[in-house]
Amino acid sequence: METQNTTTSNGVNNSHTKDNAAKIVFGDPVLCAQFLKGYTDIPLFNEIKPEDIENVSSHFLPLFQESRDSDTVNKIRIGDSEIYLIALIEHQSENDFDMSFRILRYIVFIWTDYAAQQEKLHKGITKSKAFLYPPILPVVYYEGTSTWSAPLNFKDRVFLNNVLGDYIPSFNYLVVPLNKYSKQDLIEKNDELSLIFLINQLQNSSEFHALKDIPKEYTEHLTENTPDYLLKIIGKVIAVLLHKLNIPDEEVYEVTDQITRRKFSMMFDNFQAYDVQETRRVSREEGRLEGRIEGERAGRIEGEQLHLIKLVIKKIEKQCSAAQISEILEEPLDIIQQIYDIALCQAPDYNADKILKELNSKTVS
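Residues numbered from 1 in each chain as written. Predicted model: local features only at pLDDT ≥ 70, side-chain atom pairs only at ≥ 80, totals over all residues. Heavy atoms only, no water.

**Q** I would appreciate a short explanation of the overall build of the chain in the present structure.
**A** If you tally the helices and strands in the chain, you get 14 helices and five strands. For the chain, the residues scored as buried account for 44% of the 365 residues in total. Pairs at least 24 residues apart make up 62% of the contacts formed inside the chain by residues separated by at least 6 positions. Summed over its atoms, the accessible surface of the chain is roughly 20,200 Å², and 50% of this surface lies on carbon and sulfur atoms. (Helix = DSSP H or I, 4+ residues; strand = E, 2+ residues; numbered from the N terminus. Buried < 20%, exposed > 50% of the residue type's maximum accessible area, 1.4 Å probe, protein only. Contact = heavy atoms within 4.5 Å. Areas by Shrake-Rupley, 256 points an atom, 1.4 Å probe, with all protein chains shown as cover.)

**Q** Would you mind going over the environment of Asp 71 with me for this structure?
**A** In this fold, Asp 71 is placed in the loop between α3 (57–64) and β2 (72–78). Judged by relative accessible area, Asp 71 falls into the buried class, the value being 0%. Separated by 19 residues in sequence, Asp 71 and Glu 90 place their C-alpha atoms 9.1 Å apart. Apart from the residues within four sequence positions on either side, Asp 71 is in contact with Ser 57, Leu 61, Ala 87, Leu 88, Ile 89 and Tyr 106. For Asp 71, the side chain forms a polar contact with the side chain of Tyr 106, separated by 2.7 Å. (Polar contact = N/O pair within 3.5 Å; in protein donor to acceptor, adjacent residues only side chain to side chain.)

**Q** Honestly, the sheet that holds strand β3 (residues 81–90) in this entry has me stumped. Any pointers?
**A** The strands making up a sheet associate through backbone hydrogen bonding, with each pair oriented either parallel or antiparallel. Strand order in the open sheet formed by five strands is β1-β2-β3-β4-β5, and the pairing between neighbours is mixed. The outermost strands of the open sheet, each flanked by one partner alone, are β1 (53–55) and β5 (174–177). Mean inter-strand twist for the sheet, computed between neighbouring axes without regard to direction, equals 25°. (Pairing = 2+ DSSP bridges. Axes fitted to C-alpha atoms, helices over the stretch in contact; angles between N-to-C directions.)

**Q** Can you walk me through the confidence of the model for the chain in this structure?
**A** Note: predicted coordinates in regions of low pLDDT should not be interpreted at a detailed level. Mean pLDDT over the chain: 81, with 81% of residues reaching 70 or higher. Of the regions scoring below 50 in pLDDT, residues 1–17 engages in 38 contacts with residues more than four places distant in sequence or in other chains. (pLDDT = per-residue confidence, 0-100.)

**Q** Can you walk me through the packing of aromatic side chains in this structure?
**A** Each aromatic ring pair is specified by the distance between its two centres and by the angle formed by the two planes. Here the structure, examined in full by the defined rule, presents 15 aromatic pairs. Ring geometry for Phe 26 against Phe 35: centres 4.8 Å apart, planes inclined by 75°, an arrangement best described as edge-to-face. With centroids separated by 5.9 Å and ring planes inclined at 5°, the aromatic side chains of Phe 154 and Phe 171 adopt a geometry described as stacked. Of this pair, Phe 154 sits in the loop between β4 (136–142) and α5 (161–164) while Phe 171 sits in the loop between α5 and β5, and the two are 17 residues apart along the sequence. For Phe 154, a relative accessible area of 9% gives the class buried. Taken together, the aromatic side chains of Phe 26, Phe 35, Tyr 39, Tyr 141, Tyr 181 and Phe 197 make up a single cluster linked through ring pairs. (Phe/Tyr/Trp six-rings, centres within 6.5 Å; stacked < 30°, edge-to-face > 60°.)

**Q** Honestly, the packing of helix α7 (residues 192–200) against helix α8 (residues 216–225) in this entry has me stumped. Any pointers?
**A** Packed helices, taken two at a time, are described by the angle their axes make and the gap between the axes. Relative to each other, α7 and α8 sit at 125°, their axes nearing to 10 Å. Comparing their axes, α8 and α7 come out oblique. For the crossing formed where α7 meets α8, the hand is left-handed. Judged by residue contacts, Glu 192, Ser 194, Leu 195 and Leu 198 of α7 engage Tyr 218, Leu 222 and Asn 225 from α8. Here the contact of α7 with α8 is composed, by residue class, of four nonpolar, two polar and one charged. (Parallel < 35°, antiparallel > 145°, perpendicular 65-115°, else oblique. Left-handed = near helix turned anticlockwise from the far one by under 90°. Nonpolar A, V, L, I, M, F, W, Y, C, P; charged D, E, K, R; others polar.)

**Q** How should the pattern of salt bridges be read in this particular structure?
**A** Where side chains of opposite charge bring their charged atoms close, a pairing between them can arise. Throughout the structure, instances matching the rule amount to nine salt bridges. In this structure, Asp 96 and Arg 102 form a salt bridge, with 2.6 Å as the shortest nitrogen-oxygen distance. Accessibility classification places Asp 96 together with Arg 102 in one group, the buried group. Between Asp 228 and Arg 262 there is a salt bridge; the shortest N-O distance is 2.6 Å. Of this pair, Asp 228 sits in helix α9 (residues 228–244) while Arg 262 sits in the loop between α10 (249–260) and α11 (276–317), and the two are 34 residues apart along the sequence. Judged by relative accessible area, which is 27%, Arg 262 ranks as partly exposed. Each member of the salt-bridge network shares a partner with another, and the members are Glu 54, Lys 75, Arg 77 and Glu 82. (Salt bridge = Lys/Arg side-chain N within 4 Å of Asp/Glu carboxyl O.)

Structure representation (structure tokens):
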């Protein structure tokens with residue numbers, strides 16, 4: 001089977017930013033090796049090396065017939081054997097209770113393809129007693145904030161499994177929840193993937209400053225030991241994660257630039273924590289509030305003016321002079337005089353609204 005490792009290009013065109021970041025992680029052999037060694041608790045992977053991992057997603061994903069551009073398939077060599085790793089990426093806050101069935105379809109597709117490839121090499125080999133299918137490890141990398149509670153065994157999704165359990169496919173998938181790991185847990189892993197996971201755990205931009213107290217030894221280790229190509233990948237992944245938090249482009253560039261220049265310890269210092277979309281929303285709300293207050297104020301003033309004009313009209317109808325009206329209403333004579341003069345021009349058909357309109361036009365001019 002001809003495969004191609006698409007380490008750095010995977011996920012670039014994926015519109016779902018969280019999926020995008022995770023696909024880049026699992027598509028890179030170094031980061032994938034760190035994940036298998038540090039997060040699966042499977043002793044078989046303790047000595048795994050990046051060169052043992054080959055990304056074969058481009059071959060399998062079209063066969064899965066699902067819109068799951070984020071999922072990855074890696075072929076892992078352990079001695080003389082091969083293991084297939086299916087990494088399914090879930091970032092929803094809700095569980096996917098049909099996950100086991102989706103994985104079952106993936107497994108069948110991979111085994112069907114494997115058998116076809118072996119038949120091309122050795123006709124009839126799949127019917128022989130010696131033929132064995134490669135093991136497949138299905139891993140769900142879960143970025144949600146709630147607890148994953150969907151059944152881990154496919155058999156639990158089939159009714160009458162307590163009676164016919166021996167005849168129902170039975171397998172577990174492994175869930176690795178990001179929220180299981182504390183900040184200190186990740187720091188102790190002391191590798192590039194832990195930095196990505198630290199940032200991926202952030203729920204908003206203001207939490208970025210909480211990373212300033214990361215031990216100096218941690219950032220120094222990354223500065224001294226991370227290869228250049230991996231720095232670019234980390235920068236790309238972190239850019240995706242920061243865009244997820246609606247960080248402005250210039251801030252994202254500042255952080256990723258410090259990563260690629262090996263300035264890990266500085267990237268938390270000058271970060272201006274704000275959410276550009278939230279800032280715009282607040283500004284719009286403040287603008288609307290200010291406009292509403294201004295409108296209410298203008299309406300209140302106009303209502304008071306209209307009331308005063310109506311009082312003046314009543315006094316004019318009683319043959320009161322402007323001076324008398326000013327004294328009775330306890331209002332400045334210059335204001336009453338303006339209303340009085342305009343009203344007299346309308347006599348005897350007084351219209352308070354027209355008087356107010358003319359009064360305001362004279363004030364503006």
